[in-house]
Amino acid sequence: MKELIYTTIDGHASDFQSISTYIGQNPELGHEEYLAADRLTKELESHGFQVERGVLDIPTSFIAVYDSGKPGPTVAFLAEYDALPELGHACGHHLICMMSIGAAVGLKSVLDEIGGVIRVYGTPAEETKGAKVPMSKAGLFDDVDFALMAHPYYTYERSGESLALDAIQFEYFGKAAHAAASPYEGVNALDAVLLLFNSMNALRQQLRSDVRIHGVITEGGKAANIIPDYAVAQFYVRSSTRAYTDEVVAKVLKCAEGAALQTGCTLQTSNYEYSYDELNTNETLSAVFNRNLEAFGITEDQIQSGKDHGSLDLGNVSLHCPTIHPYMKVIDERHLLHTPEFRDGAMRRQALDAMIFTAKMLAVTAYDVMTHPELLTEIKAEFQRSRMKAE
């Protein structure tokens, strides 16, 4: 049956590559992916999937379902298709969406025989307010047996780790005054922001090495001769676990309050993007994927250990069902994600061919799990152990 999966994906490869190229050439920011969502949902409908658009009132989201009508597991393939400001598809999301859709179409060719359900989740805005967060919170993955997606890269890498993240905005309100004639009449909001940065830098010494705190000043005043009455800083706070990130955020908020007290400003804090949880890779499921790679001559030595590449909203999904997120080689040059060089490389024929290969690997990994109940039992047992440990 795997040969049928491969043949099916190959039979539609040119269409899949054409759609990927179209999305790559028409980059859209998060929650603005109207062209991409339209092309992807129409493609899924053409292959017999039932599509619900605008899930949770998120206009560019969707869930596509094919139900065999026979008992069996439910597998989720995750599709991302948002681009980066100014850079376009420098993270390869135009490949990710068609990796998952190609895998779903390939698996569908055997699903009526083996039983089960395929879902494709269209998840906008991974780079900012990732739709996987509200989807997870709403329980949309709670009845999924396992979830798969892959990410393009310059090498092969096992599904590994990501950082939990909070995005916090600090607004300081002071009082304007003439900076030369009567500075003593003012309350300097910019001073509060600068004190916040200095407090953050002092705090780092007492934090674990996995913590990342980085920020920018988005509003710092209007003119040098006016005491700024309003200043804003935005920070990302990250660590390897949600629990420790929460601890760090509590310390960061104390720093912010201290800056307000020292300057006489008032402070308002808010989350300007969604909070992401850490990726909980299911090692049993990951091993199945890697075995399929090895069957095509990609040796264990060629598959690097899973590294931390920042934060991703798939982490939230991975706390609700067994999940993997391997990285797949789509270019030969060592170009990093979120660079013009990777963007350009990810549009070449090599990358498009690697996308088709990845779709096959995702599909046959799902097939292996769905046709071996004992394997799915082992995957779920590992997931439950990891959740108990996290709690």
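Each remark here, short or long, concerns the structure printed above.
Let us look at the structure shown here. None of the values given here were measured: they were computed from a predicted structure.

With that settled, the discussion passes to the sheet that holds strand E13 (residues 323-324). Spatial strand order, E1-E2-E4-E3-E5-E13: six strands in an open sheet with mixed pairing. The strands lining the two open edges of the sheet, one partner per strand, are strand E1 (50-53) and E13. In the packing of helix H11 (residues 349-370) onto the sheet, the strands contacted are strand E3 (74-79), strand E4 (117-122) and strand E5 (146-148), and the crossing angle to E5 comes to about 165 degrees.

Before going further, it helps to spend a moment on the sheet that holds strand E10 (residues 230-239). Across the sheet, four strands lie side by side as E9-E10-E8-E11; this open sheet has antiparallel pairing. At either margin of the open sheet sits one strand with a lone partner, and together these are strand E9 (212-219) and strand E11 (266-271). Neighbour-to-neighbour, the strand axes of the sheet open up by a mean angle of 20 degrees, direction not taken into account. Summarising the sheet, strand E8 (residues 164-173) and E10 pair through 10 bridges and their orientation is antiparallel. Along E10, the bridge assignment pairs Glu-171 with Val-232. Strands E8, E9 and E10 of the sheet are contacted by helix H6 (residues 189-203), whose axis makes an angle of about 20 degrees with E10. In the packing of helix H7 (residues 242-263) onto the sheet, contacts are made with E8, E9, E10 and E11, and the angle to E8 comes to roughly 10 degrees.

Our focus in this paragraph is unusual backbone geometry. Positive phi, normally seen in glycine, also occurs at His-31, with a value near 65 degrees. What makes His-31 partly exposed here is its relative accessible area of 26%. Unlike most non-glycine residues, Asp-57 shows phi in positive territory, near 60 degrees. Among the structural elements, Asp-57 can be located in the loop between E1 and strand E2 (62-67).

The subject of this paragraph is the packing of helix H4 (residues 93-114) against H11. Put simply, H4 and H11 touch, their axes get as near as 8 Å, and they point 40 degrees apart. On the basis of their axis angle, the class for H4 and H11 is oblique. Seen along the crossing, H4 lies across H11 with a hand that is right-handed. Facing His-94, Leu-95, Met-98, Met-99, Ser-100, Gly-102, Ala-103, Leu-107, Val-110, Leu-111 and Ile-114 of H4, the residues of H11 in contact are Ala-351, Leu-352, Met-355, Thr-358, Ala-359, Leu-362, Ala-363, Ala-366, Tyr-367 and Met-370.

Using the criterion set out here, one finds 11 aromatic pairs in the structure. For the ring pair Phe-170 and Phe-235, a centre distance of 5.9 Å and an interplane angle of 80 degrees mean the geometry is edge-to-face. Taken as a pair, Phe-170 in strand E8 and Phe-235 in strand E10 lie far apart in primary sequence, 65 residues in all. Here the aromatic residues Tyr-6, Phe-296 and Phe-357 are joined through ring pairs into a cluster of three or more. Over the ring of Tyr-22 we find Arg-39; its NZ or CZ atom is 4.5 Å from the centre of that ring. The cationic tip of Lys-108 hangs over the ring face of Tyr-66; the distance from NZ or CZ to the ring centre is 4.7 Å.

Right, let's talk about the nonpolar core for a bit. Core analysis: the biggest nonpolar cluster contains 75 residues, and Leu-40, Val-75, Phe-77, Leu-107, Phe-146 and Leu-148 have the highest contact counts within it. Top element by residues in this core is H11. It accounts for 15 residues. Ignoring any residue separated from it by four or fewer positions in sequence, one finds Phe-77 in contact with Ser-100, Ala-103, Ala-104, Leu-107, Ile-118, Arg-119, Val-120, Tyr-121, Leu-148, Leu-362 and Ala-366. By size, the runner-up hydrophobic cluster in this structure holds 25 residues, among which are Ile-168, Ala-189, Val-211 and Ala-260.

It is worth spelling out the side chain of Arg-387 at this point. Structurally, the position occupied by Arg-387 is in helix H12 (residues 373-390). Reaching out from Arg-387, the side chain makes a polar contact with the backbone oxygen of Leu-319 at a distance of 3.3 Å. Setting aside residues no more than four positions away along its own chain, Arg-387 makes contact with Asn-280 and Leu-319.

With that settled, the discussion passes to the pairing of E3. Within E3, six of the six residues are buried, which leaves the element mostly enclosed by the surrounding structure. Alternating residues of E3 divide into Thr-74, Ala-76 and Leu-78 and Val-75, Phe-77 and Ala-79, and every residue in both groups is buried. Pairing of E3 with E4 involves six bridges; the strand directions are parallel. From the neighbouring strand, Leu-78 faces E4, where its bridge partner is Tyr-121. In this region the chain leaves E3, passes through H4 and returns to the parallel neighbour E4; the handedness of that crossover is right-handed. Of the pairings in the sheet, the one linking E3 to E5 comprises three bridges and is parallel in character. Residue pairing in the sheet places Val-75 in a bridge with Phe-146 of E5.

What follows covers the environment of Gly-130. Tracing the backbone through its elements, the reader meets Gly-130 in the loop between E4 and helix H5 (132-137). On the basis of relative accessible area, Gly-130 is assigned to the buried category, the value being 0%. Separated by 37 residues in the primary sequence, Gly-130 and His-93 have C-alpha atoms spaced 13 Å apart. When neighbours within four sequence positions are excluded, Gly-130 is seen to be in contact with Pro-124, Ala-125, Tyr-274, Tyr-276 and Asp-313.

Criteria and thresholds
- Along each chain, residues carry numbers from 1 onward, in the same order as the chain's sequence is written.
- Restriction of local features to residues with pLDDT of at least 70 applies here, the model being predicted, together with a cutoff of 80 or more for giving and counting side-chain atom pairs; totals for whole chains, interfaces and linings are based on all residues.
- Think of the side-chain values as coming from all heavy atoms in the structure, minus any hydrogens and water.
- Note on pairing: two strands pair once DSSP finds at least 2 bridges between them.
- Helix and strand assignments come from DSSP, with helices taken as H or I runs of at least 4 residues and strands as E runs of at least 2, each series counted from the N terminus.
- Contacts: residue pairs with any heavy atoms within 4.5 Å of one another.
- All axes are obtained by fitting lines to C-alpha atoms, using only the stretch in contact for helices, and the reported angles, taken between N-to-C directions, cover 0 to 180 degrees.
- Each residue's exposure class comes from its accessible area (1.4 Å probe, protein chains only) as a fraction of the maximum for that residue type: buried when under 20%, exposed when over 50%, partly exposed otherwise.
- By definition in this entry, angles of less than 35 degrees are roughly parallel, angles greater than 145 are roughly antiparallel, angles of 65 to 115 are roughly perpendicular, and the rest are oblique.
- The hand of a helix crossing depends on one turn: near helix anticlockwise from the far one by less than a right angle means left-handed, and clockwise means right-handed.
- We call Phe, Tyr and Trp rings a pair once their centres come within 6.5 Å, taking the six-membered ring for Trp, and we label the pair stacked below 30 degrees between planes, edge-to-face above 60, and tilted otherwise.
- A positively charged side chain is recorded as over a ring if its NZ (Lys) or CZ (Arg) lies within 6 Å of the ring centre. The angle to the ring normal must also be within 35 degrees.
- Joining through side-chain atoms within 4.5 Å is the link that ties buried Ala, Val, Leu, Ile, Met, Phe, Trp, Tyr and Cys residues into a set, and such a set is a nonpolar core.
- Counted as a polar contact is a pair of N or O atoms within 3.5 Å, where, for protein atoms, one must be capable of donating a hydrogen and the other of accepting one, and residues adjacent in sequence contribute only when both atoms are in side chains.
- Handedness of a crossover is defined as follows: with both strands directed away from the viewer, a clockwise route from the first strand across the helix to the second makes it right-handed.

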